[in-house]
Amino acid sequence: MVRFAREPNFLAMRRSSLVSRNANSTPSEPSHFEALRREMVALQIRDRGIRSERVLAAMASVPRHEFVPASQVSAAYSDNALLIGEGQTISQPYVVAAMTDALSLNGSERVLEIGGGSGYHSAVLSLLAREVTAMEFVPQLADAARSRLAHLGFSNVHVEQADGSLGWPSGAPFDAILVAAAAPEIPPPLIDQLAEGGRLVIPVGSAEEQNLLLLMKSNGGVTRKIMFTCRFVPLRGRHGWQTEPQGTTQ
Ligand code: SAH
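Bear in mind the structure is a predicted one, so any value in this text is a computation, not a measurement.

Caption draft 1: View of the site of the ligand. Looking at the ligand, there are 27 residues lining it, with Gly-115, Gly-117, Ser-118, Gly-164 and Gly-237 nearest. It is strand E2 (residues 88–90) that contributes the most residues to the shell around the ligand, three residues altogether. Residue classes in the shell around the ligand are distributed as 12 nonpolar, 12 polar and three charged.

Structure, rendered in structure tokens:
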């Protein structure tokens, strides 16, 4: 997979490949989706303070409408979370961008994502990092994300169907870890599996509301910063919610 840092022509190449694919696979004009993406980036992301050109370019490149069921395609670039089946959702574009921005990726990193869902956020991360391991609990979602990402050419993402609250020990340490589901507490294995100098973004709190936390590991210690309040679907598994709280995502 080519990344922005090393291939300035990537965006143009990728867009032209999307144009031909979309022309064959969807009735809507590809330029329509591209225009919606540009507007999404300008109004929902740049105007709200995300300034990294690499993050903005990744958000402008990934075809969000390809990651949602047909019933959600017309809403794909709206300022909302979207239903992706199995009671799960893709986060609102701004939340995806803000979480990604907080990881300060430069293209060299190995990233662990917990809660791969549709694969949309994995695709965004894959354009900004060397390699992404995306863990998804629900087998149907993991299978669908794996084939969708392969079909769209995001070849540096590996989807693993397993309990991500335990992390992915065989791939550790990771330079960045992103959790896209609400945790009652920070799962200890994720801190253990974070490299020195690494960053972890995770929503932590009650089922109704969480703080999106950015943790940084340095000199053996961990510092934390609250980014903003949010509401994600629950993290399940060993270090998640043992009983099912009701949650929605942002
Ligand atoms: N980032 C995703 C959306 C995440 S929604 C996207 O871009 O589409 C949260 C996801 O976390 C759901 O798909 C849910 O099944 C998954 N999840 C919840 N608990 C998990 C766990 N312990 N391990 C892995 N995935 C988990």
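Caption draft 2: Structural context of the packing of helix H2 (residues 30–46) against helix H3 (residues 53–61). Viewed as axis vectors pointing N to C, H2 and H3 meet at an angle of 140°, and their least axial separation amounts to 8 Å. What the angle tells us is that H2 and H3 run oblique. For the pair H2 and H3, the sense of crossing is right-handed. Listed contacts from H3 to Arg-37, Arg-38, Val-41, Ile-45 and Arg-46 of H2 are Leu-56, Met-59 and Ala-60. Residues that form the contact of H2 with H3 fall into these classes: five nonpolar, no polar and three charged.

Caption draft 3: How the structure looks around the sheet that holds strand E4 (residues 131–136). On the basis of which strands lie adjacent, the open sheet formed by seven strands has the order E5-E4-E3-E6-E7-E8-E9 and mixed pairing. Pairing within the sheet leaves two strands with one partner each, and these edge strands are strand E5 (157–161) and strand E9 (221–230). Ignoring which end each strand starts from, the neighbouring axes of this sheet average 15° apart. Inspection of the sheet shows strand E3 (residues 110–114) paired to strand E6 (residues 174–179) by four bridges, in the parallel sense. Across the sheet, residue Glu-113 finds its bridge partner in E6, namely Leu-178.

Caption draft 4: Layout of the environment of Val-201. As for its placement among the helices and strands, Val-201 is situated in strand E7 (residues 194–205). On the neighbour-count criterion, Val-201 (21 C-beta atoms within 10 Å) is buried. On a C-alpha basis, the gap between Val-201 and Ala-180 in space is 8.6 Å, while along the polypeptide they are 21 residues apart.

Caption draft 5: Fine view of the packing of H2 against helix H4 (residues 93–102). Two numbers describe how H2 lies on H4: the axes approach to 9 Å, and their chain directions differ by 70°. One finds that H2 runs roughly perpendicular with respect to H4. Crossing of H2 over H4 shows right-handed handedness. Across the interface between the two elements, Met-40, Gln-44 and Ile-45 from H2 touch Pro-93, Tyr-94 and Ala-97 from H4.

Basis of the calculations
- Residues numbered from 1 in each chain as written.
- Predicted model: local features only at pLDDT ≥ 70, side-chain atom pairs only at ≥ 80, totals over all residues.
- Near = placed C-beta within 6 Å.
- Helix = DSSP H or I, 4+ residues; strand = E, 2+ residues; numbered from the N terminus.
- Nonpolar A, V, L, I, M, F, W, Y, C, P; charged D, E, K, R; others polar.
- Axes fitted to C-alpha atoms, helices over the stretch in contact; angles between N-to-C directions.
- Parallel < 35°, antiparallel > 145°, perpendicular 65-115°, else oblique.
- Left-handed = near helix turned anticlockwise from the far one by under 90°.
- Contact = placed C-beta atoms within 7 Å.
- Pairing = 2+ DSSP bridges.
- Buried ≥ 20, exposed ≤ 12 C-beta atoms within 10 Å, placed from the backbone.

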